[in-house]
Amino acid sequence: VLLTYPLQLRPAAEVIAERVLGQPAGSSGPYYGRLVLALFTGSLAIAMGNNLGLMIGLIGSGASTMLALILPPLLDVLDDTHAPSLPRRAFHYALVATGSVLAMLGVYVSAKDLF
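The structure reproduced in this document is the subject of the present report. Since we're looking at a predicted model, the values are computed, not measured.

### Regarding the overall build of the chain
Step number 1: Helix and strand counts for the chain come out as four helices and zero strands.
Step number 2: Each helix (α) and strand (β) of the chain, taken in turn from the N terminus, gives the series α-α-α-α.
Step number 3: Sequence-distant contacts, at least 24 apart, represent 49% of the contacts inside the chain between residues at least 6 apart.
Step number 4: When the accessible surface of the chain is summed, it comes to about 8,300 Å², and 72% of that surface belongs to carbon and sulfur atoms.

### Re helix H4 (residues 86–114)
Step number 1: Under the 1.5 Å per step criterion, the end-to-end length of H4 is 41 Å for 29 residues, consistent within 8% with the ideal 42 Å.
Step number 2: Residues of H4 that are buried make contact with helix H2 (31–48) and helix H3 (52–78).

### Let's talk about the environment of Pro 73
Step number 1: In this fold, Pro 73 is placed in helix H3.
Step number 2: For Pro 73, a relative accessible area of 5% gives the class buried.
Step number 3: For the pair formed by Pro 73 and Leu 95, sequence separation is 22 residues and the distance between their alpha carbons is 7.1 Å.
Step number 4: In this structure, Pro 73 is in contact with His 92, Leu 95 and Val 96, ignoring residues within four places of it in sequence.

### What to know about the side chain of Ser 110
Step number 1: Relative to the elements of secondary structure, Ser 110 occurs in helix H4.
Step number 2: In this structure Ser 110 comes out as buried when scored by relative accessible area, which is 14%.
Step number 3: What Ser 110 contacts, discounting residues up to four positions off in sequence, is Gly 57, Leu 58 and Ser 61.

### What about the packing of H3 against H4?
Step number 1: Two elements in contact, H3 and H4, have axes whose closest approach is 8 Å; the angle formed by their N-to-C orientations is 170 degrees. In terms of their interaxial angle, H3 and H4 are classed as roughly antiparallel.
Step number 2: Classifying every residue of the contact of H3 with H4 by side-chain character gives 16 nonpolar, nine polar and four charged.

### So, the pattern of salt bridges
Step number 1: Within this structure, the stated rule accounts for one salt bridge.
Step number 2: Asp 76 serves as the salt-bridge partner of Arg 88, at 3.0 Å between the closest nitrogen and oxygen. Highlighted residues: Arg 88 in helix H4 and Asp 76 in helix H3, separated in sequence by twelve residues.

### Considerations on a nonpolar patch on the surface
Step number 1: On the surface, Ile 16, Val 20, Leu 21 and Tyr 32 cluster together into a nonpolar patch covering about 400 Å² of accessible area.
Step number 2: Mapped onto the secondary structure, Leu 21 falls in the loop between helix H1 (5–19) and H2.
Step number 3: On the basis of relative accessible area, Leu 21 is assigned to the partly exposed category, the value being 38%.

### Details of H3
Step number 1: In this model, H3 (27 residues) spans 36 Å end to end at C-alpha, consistent with the 39 Å of a helix rising 1.5 Å per residue.
Step number 2: Met 66 marks the point of greatest bend in H3, at about 45 degrees.
Step number 3: Contact partners of the buried residues in H3: H2 and H4.

How each quantity is defined
Residues numbered from 1 in each chain as written. Predicted model: local features only at pLDDT ≥ 70, side-chain atom pairs only at ≥ 80, totals over all residues. Heavy atoms only, no water. Helix = DSSP H or I, 4+ residues; strand = E, 2+ residues; numbered from the N terminus. Contact = heavy atoms within 4.5 Å. Areas by Shrake-Rupley, 256 points an atom, 1.4 Å probe, with all protein chains shown as cover. Expected span 1.5 Å × (residues − 1). Buried < 20%, exposed > 50% of the residue type's maximum accessible area, 1.4 Å probe, protein only. Axes fitted to C-alpha atoms, helices over the stretch in contact; angles between N-to-C directions. Parallel < 35°, antiparallel > 145°, perpendicular 65-115°, else oblique. Nonpolar A, V, L, I, M, F, W, Y, C, P; charged D, E, K, R; others polar. Salt bridge = Lys/Arg side-chain N within 4 Å of Asp/Glu carboxyl O. Patch = residues over 30% accessible without salt bridge, like charges linked within 9 Å, V, L, I, M, F, W, Y side chains within 5 Å. Bend = angle between axes of the 7 residues up to and from the residue.

Next up, the structure:
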């Protein structure tokens, strides 16, 4: 975990630096921004104690489903460089609906176990 945490934190730090702090794309922002983000997530992990696995499951059930099933078809439908056919759009919307239901179900189950 010690070696992979910086790899996991880098994309989040870049997005926060670009959207919130107004830094150029590709930079992870000033040192204090990364430090605050690392301290916050570390404090959250310490505060969760024995429930850390459940908290990771809660976050992962929503975020992983979003990355795998919801965002790719939405980006393909919203892409202006090509117009997907009607069956392809229907399939993409079905994937988005299925992914949304699965994400909500996963978050519900994880939250129920956590709380």
